Amino acid sequence: MSLLPNLACVISHPVRYFSEKSLVLLSKFKIARGNHVKTSRVVIKKSRFTLIGEDNLVQLNNELVHNTTIFVRGLGNQLIIDEKARITNSNIIIKANHSLVHIGQGTQLGGTVIVCCGNHSHIQIGKHCSISENVDIWNSDTHDIISEGTVINPPRSIDIGNHVWIGKGAAVLKGVHIGDSAIIGMHSLVTKDLRPNTINVGNPIREIKENVTWKL
């Protein structure tokens, strides 16, 4: 394992967590006993990992995690990032039990906040997505709203398809499904499902064009 001397690390046995093909620089880790981090060919730079609870898993198969905070609290949660994904300047927060955040192959996050709360829920982001800076993806309101003794705003999972482009400052809220190759304009508020191969803008969001695709 390649660890430079200036690595800041607060786990007692980092070799348990990082493969010999991973490089860790200027990062901090607080991993409670009974939790797991697995890596494969990933560079972790200037990042902070906190895993609290039991049987939580962070599995990094991607290229880069830079200037990013990963916080997991609860039981049996999973954060899985697939090959060739690049995560920079982002925050990924899981406060739940038995929930999942999955980021697909080749996806790029450049300043995204992902918040997954609620038990047995998920945030799924597909392959080759481009998610711009200051984007929020939340599957929960984080606080319960109660009416006549019943919670009326429970968390709901989010599914983002493959090859989705989300513009700067957009927010994707709970319970939505975004189809493959959809485009979401800057500062849009996504509170409903979006069809594949469409351009969508506004607050509230609306579809303005269909039968489109995009490329870098």
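Quick caveat: nothing in here was measured; it's all calculated off a predicted structure. Residue numbers here run from 1 along each chain, matching the order of that chain's written sequence. Whole-chain, interface and lining totals are the exception, using all residues; otherwise, since this is a predicted model, local features are given only for residues with pLDDT of at least 70 and side-chain atom pairs are given and counted only at 80 or more. Processing note: side-chain calculations cover all non-hydrogen atoms of the structure and skip hydrogens and water entirely.

Engineer: Honestly, the nonpolar core in this entry has me stumped. Any pointers?
Structural biologist: Side chains of a nonpolar character, in soluble globular proteins, are inclined to be buried together. Here, the term nonpolar core denotes a set of buried Ala, Val, Leu, Ile, Met, Phe, Trp, Tyr and Cys residues that are joined through side-chain atoms within 4.5 Å. With a 1.4 Å probe rolled over the protein chains alone, any residue whose accessible area is under 20% of its type maximum counts as buried; one over 50% counts as exposed, and the rest are partly exposed. Counting 44 residues, the largest nonpolar core has Ile137 and Ile178 as the members making the most contacts within it. A per-element tally of this core places strand β12 (residues 91-97) first, with three residues. Isoleucine 178 has contacts with Asp159, Ile160, Gly161, Val164, Val172, Ile184, Val190 and Leu194, leaving out every residue within four places of it along the chain. A run of DSSP states H or I qualifies as a helix once it reaches four residues; a run of E qualifies as a strand once it reaches two. Both are numbered from the N-terminal end. Contacts are assigned to residue pairs that have any heavy atoms within 4.5 Å of one another.

Engineer: Teacher, can you tell me more about the sheet that holds strand β4 (residues 36-39) here?
Structural biologist: Strand pairing in a sheet relies on backbone hydrogen bonds. The paired strands run either parallel or antiparallel. Note: two strands are recorded as paired if DSSP finds a minimum of 2 bridges between them. An order of β4-β7-β10-β13-β16-β21-β24 is seen for the seven strands of this open sheet, with the pairing classed as parallel. On the outer flanks of this sheet lie β4 and β24 (177-178), each paired with one strand and no other. Judged from the four bridges that link them, strand β10 (residues 78-81) and strand β13 (residues 100-103) form a sheet pairing that is parallel. Paired with glutamine 78 across the two strands is leucine 100, which belongs to β13.

Engineer: Could you clarify how one ought to interpret the environment of lysine 215 in this entry?
Structural biologist: Its location among the elements puts lysine 215 in the segment after β28 (206-210). Accessibility expressed as a relative area gives 75% for lysine 215, which makes it exposed.

Engineer: How should I be thinking about the pattern of salt bridges in this particular structure?
Structural biologist: Oppositely charged side chains can form a pair if their charged atoms are brought close together. The term salt bridge refers to a pairing of a side-chain nitrogen on Lys or Arg with a carboxyl oxygen on Asp or Glu at a separation within 4 Å. For the structure on display, the rule yields five salt bridges. Of the charged contacts in the structure, one is a salt bridge between glutamate 63 and arginine 86, with a shortest N-O distance of 3.2 Å. Here glutamate 63, found in the loop between β7 (57-60) and β8 (64-66), pairs with arginine 86, found in strand β11 (residues 86-88); they are 23 residues apart in sequence, far enough to count as distant. With a shortest N-O distance of 3.5 Å, glutamate 133 and lysine 168 are connected by a salt bridge. Placement of the pair is glutamate 133 in the loop between β17 (130-131) and β18 (135-138) and lysine 168 in the loop between β22 (165-166) and β23 (171-172), with a sequence separation of 35 residues. Under the relative-accessibility criterion, lysine 168 is labelled partly exposed at 33%. Residues joined in a network through salt bridges with shared partners are Arg195, Glu207 and Glu210.

Engineer: I'm lost on the pairing of strand β27 (residues 198-201) in this one. Help?
Structural biologist: The side chains of a regular strand alternate, first on one face of the sheet and then on the other. Along β27, the buried face is formed by Thr198 and Asn200; none of Ile199 and Val201, which line the opposite face, is buried. Across two bridges, strand β25 (residues 183-184) lies against β27 in parallel orientation. Each residue of the ladder has a partner; that of isoleucine 183, found in β27, is isoleucine 199. Alignment of β27 against β28, held across four bridges, turns out to be antiparallel. By the bridge assignment, threonine 198 is partnered in β28 with glutamate 210.

Engineer: Is there a simple way to think about the packing of aromatic side chains in this case?
Structural biologist: By convention here, two paired aromatic rings are described through the distance between centres and the angle between planes. Only centres within 6.5 Å qualify two rings of Phe, Tyr or Trp (six-membered ring in Trp) as a pair; their planes then separate them into stacked at under 30 degrees, edge-to-face at over 60, and tilted for everything else. Applying the stated rule across the entire model yields two aromatic pairs. Judged by centre distance (5.0 Å) and plane angle (55°), the rings of phenylalanine 29 and phenylalanine 49 are tilted. Of this pair, phenylalanine 29 sits in strand β3 (residues 28-31) while phenylalanine 49 sits in strand β6 (residues 48-54), placing them 20 residues apart in sequence. Residue phenylalanine 29 shares its accessibility class with phenylalanine 49, and that shared class is buried. Each ring, one from tryptophan 165 and one from tryptophan 214, has its centre 5.6 Å from the other, and the planes form 45°; the classification is tilted. Within this pair, whereas tryptophan 165 is found in strand β22, its partner tryptophan 214 is found in the segment after β28, the two being separated by 49 residues in sequence.

Engineer: Any chance you could explain the pairing of strand β16 (residues 122-125) here in plain terms?
Structural biologist: Across the two faces of β16 the burial differs, with Ile123 and Ile125 buried and His122 and Gln124 not buried at all. As paired elements, β13 and β16 share four bridges and run parallel to each other. In the strand pairing of β16, histidine 102 is matched with glutamine 124. Taken together, the three bridges between β16 and strand β21 (residues 158-160) define a ladder with parallel strand orientation.

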